Amino acid sequence: MPKPKLTLVRGDLTEQDVDVVVNAANSSLLGGGGVDGAIHRRGGPEIVAACRDLRATSHVDGLPTGQAVATTAGRLPARWVVHTVGPVHAKSEDRSGLLVSAHRESLRVARELGARTVAFPAISTGVYRWPLADAARIALGTVRTEGEGFEEIRFVLFGDDAYRAFEAEL
Ligand code: AR6
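These remarks concern the structure in this document. Note that the coordinates shown come from a computational prediction; the quantities given were computed from them, not determined experimentally. (Residues numbered from 1 in each chain as written. Predicted model: local features only at pLDDT ≥ 70, side-chain atom pairs only at ≥ 80, totals over all residues. Heavy atoms only, no water.)

Description of the sheet that holds strand S2 (residues 20-24)
Hydrogen bonds along the backbone pair up the strands of a sheet, which may run parallel or antiparallel. The six strands are arranged S1-S6-S5-S2-S4-S3 in an open sheet whose pairing can be described as mixed. Looking at which strands have only one partner, the edges of the open sheet turn out to be strand S1 (5-10) and strand S3 (68-72). For this sheet, the mean inter-axis angle between neighbouring strands, taken without regard to orientation, is 25 degrees. Bridge count between S3 and strand S4 (residues 80-84): five bridges; the pairing is antiparallel. (Pairing = 2+ DSSP bridges. Helix = DSSP H or I, 4+ residues; strand = E, 2+ residues; numbered from the N terminus. Axes fitted to C-alpha atoms, helices over the stretch in contact; angles between N-to-C directions.)

In structure tokens, the structure reads:
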């Protein structure tokens, strides 16, 4: 299986013309701030409607941390949004396995959809306070080992600090 091209972009995830954009969501699946808020704002009400359907059917208790689920991308240029929940960073406990899982499960769902191109934000590095350098190491390490068969896996970094952290790790 070919290795995917790993690319870094400084910019806005909601503008990416890819098959799948990954949302750094929360367990409720019903929206929030950060990149999640931006996806729902730009994507329109179809996305939250699809999330409400999931909450009424397959995900009545919400989406556990480290797992992933797909919906329509509504009005975004992408075809699907894959929602995942990264862990909140904790000093007292190593939750990096959950951050690995969020990336791995997102790729698994994207693969099931038949996606060839996937764009990720820097999951857990905003509201969930994961240190950027460590998040970049985990994210890139995971997609390197779990990304076989995709054409391109892109990280879309909002700020200069995030971009530099991922660049250093790549
Ligand atoms: N495009 C790309 N990256 C972005 C964008 C954007 N439009 N907006 C923010 N970022 P966060 P988390 C970056 O907080 O830490 C939400 O309320 C941001 O600078 O969005 O996983 C959810 O509902 C940061 O580097 O996600 C959850 O409750 C990165 O995206 C909670 O936040 C992730 O920041 C999830 O927290």
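Section: the packing of helix H3 (residues 96-113) against helix H4 (residues 132-146)
In the contact formed by H3 and H4, the axes pass within 9 Å of each other and the chain directions differ by 40 degrees. By the angle between their directions, the pair H3 and H4 is classed as oblique. H4 is crossed by H3, and the crossing has right-handed handedness. Along the contact surface, H3 presents Ser-96, Leu-99, Val-100, His-103, Arg-104, Leu-107 and Arg-111, while H4 presents Ala-135, Ile-138, Ala-139, Thr-142, Val-143 and Glu-146. (Parallel < 35°, antiparallel > 145°, perpendicular 65-115°, else oblique. Left-handed = near helix turned anticlockwise from the far one by under 90°. Contact = heavy atoms within 4.5 Å.)

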